Amino acid sequence: MSAIEQCRSAALGGHVLRCESCAQTEIAYNSCRNRHCPKCQASAAKRWLEARQSELLPVEYYHVVFTLPAPIAGIAYYNKAVIYGLLFDVAAETLRTIAADPRHLGARIGATLVLHTWGSALTHHPHVHGIVPGGGLSQDGERWVACKPGFFLPVRVLSRLFRRRFLEELDKAHRAGLLQFFGDDAQLADAAASADWLAPMRKCEWVVYAKRHFAGPEAVLAYLSRYTHRVAISNGRLLALN
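A brief report on the enclosed structure follows. (Residues numbered from 1 in each chain as written. Predicted model: local features only at pLDDT ≥ 70, side-chain atom pairs only at ≥ 80, totals over all residues. Heavy atoms only, no water.)

1. Let's talk about the pattern of salt bridges
A side chain of one charge can pair with a side chain of the opposite charge if their charged atoms are brought near each other. To be explicit about the condition: What counts as a salt bridge is simple: a side-chain nitrogen of Lys or Arg found within 4 Å of a carboxyl oxygen of Asp or Glu. Helix numbers and strand numbers start at the N terminus; a helix is a DSSP run of H or I with at least 4 residues, a strand a run of E with at least 2. Burial classes: relative accessible area under 20% of the type maximum marks a residue as buried, over 50% as exposed, and values in between as partly exposed (1.4 Å probe, protein chains only).
Going through the model one piece at a time under the given rule, you end up with ten salt bridges. Here E205 ties to R160 by a salt bridge, and the two come within 3.0 Å at their closest N and O atoms. With E205 in the loop between α6 (191-198) and β8 (208-212) and R160 in helix α5 (residues 155-175), this residue pair connects regions lying 45 residues apart in the sequence. What makes R160 partly exposed here is its relative accessible area of 30%. For R175, the salt bridge is made with D171, and the minimal N-O distance between the two is 3.0 Å. Of this pair, R175 and D171 both sit in helix α5, four residues apart, which is roughly one turn of the helix. The exposure class of D171 is partly exposed, given its relative accessible area of 27%. One salt-bridge network, held together by shared partners, links E93, R164, R165, E168, E169 and K172.

Shown next, in the form of structure tokens:
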């Protein structure tokens, strides 16, 4: 909070700009560059966006989203490094595995993934957004394999594999002692209690979204760039200061 309060004020120093022709002088105070600040990181986000746009291929692109169920999102509060890491790794593995299957695409693909931990209502809502080209390299690397027009990979198949692999890796992390549990979740430190807690999540639907973005990959990247270098605070949400 102190960084936001002091941003672009004399507290952080600054520099003076003086026109050599008319001698007009302007004082510019330094910014805090804290990623929680609604004023800062715009230039960093712009650089990220330009770098990602330079990587785009002249093919269709698809917007994919992998979302964690609410109970697992709950324990992610105090196991961020482990669970967010698994979310990235398992989402990427799921995409590569299903895409490599000859029954679906039979190609090696790549993806750009961005983590979001909150939703538009500012609730804790961990999910990964991805932008994925509609195709990939053949297994021998000699040719481009395109997906069917308007259809990337079956979301039901992606969802099933994502659910199975995430729960497998979460169980491994639990047995390795990498997870911590507090408050109402303290009993989950016990292996049997944890297994009972996970059982319903092996049967419920896990949300995976995959659609072609009609505005093009540039629009998806622009949307993601607004999250890569900032968090939930924005000028529109700051109601008062005293």
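2. Digging into unusual backbone geometry
A positive phi angle is found at R8, which is not glycine, with a value near 55°. Along the polypeptide, R8 turns up in the loop between α1 (2-6) and β1 (14-18). The phi dihedral of R33 is positive, around 65°, even though this residue is not glycine. Its place among the elements puts R33 in the loop between β2 (25-29) and α2 (42-53). A relative accessible area of 53% means that R33 is categorised as exposed.

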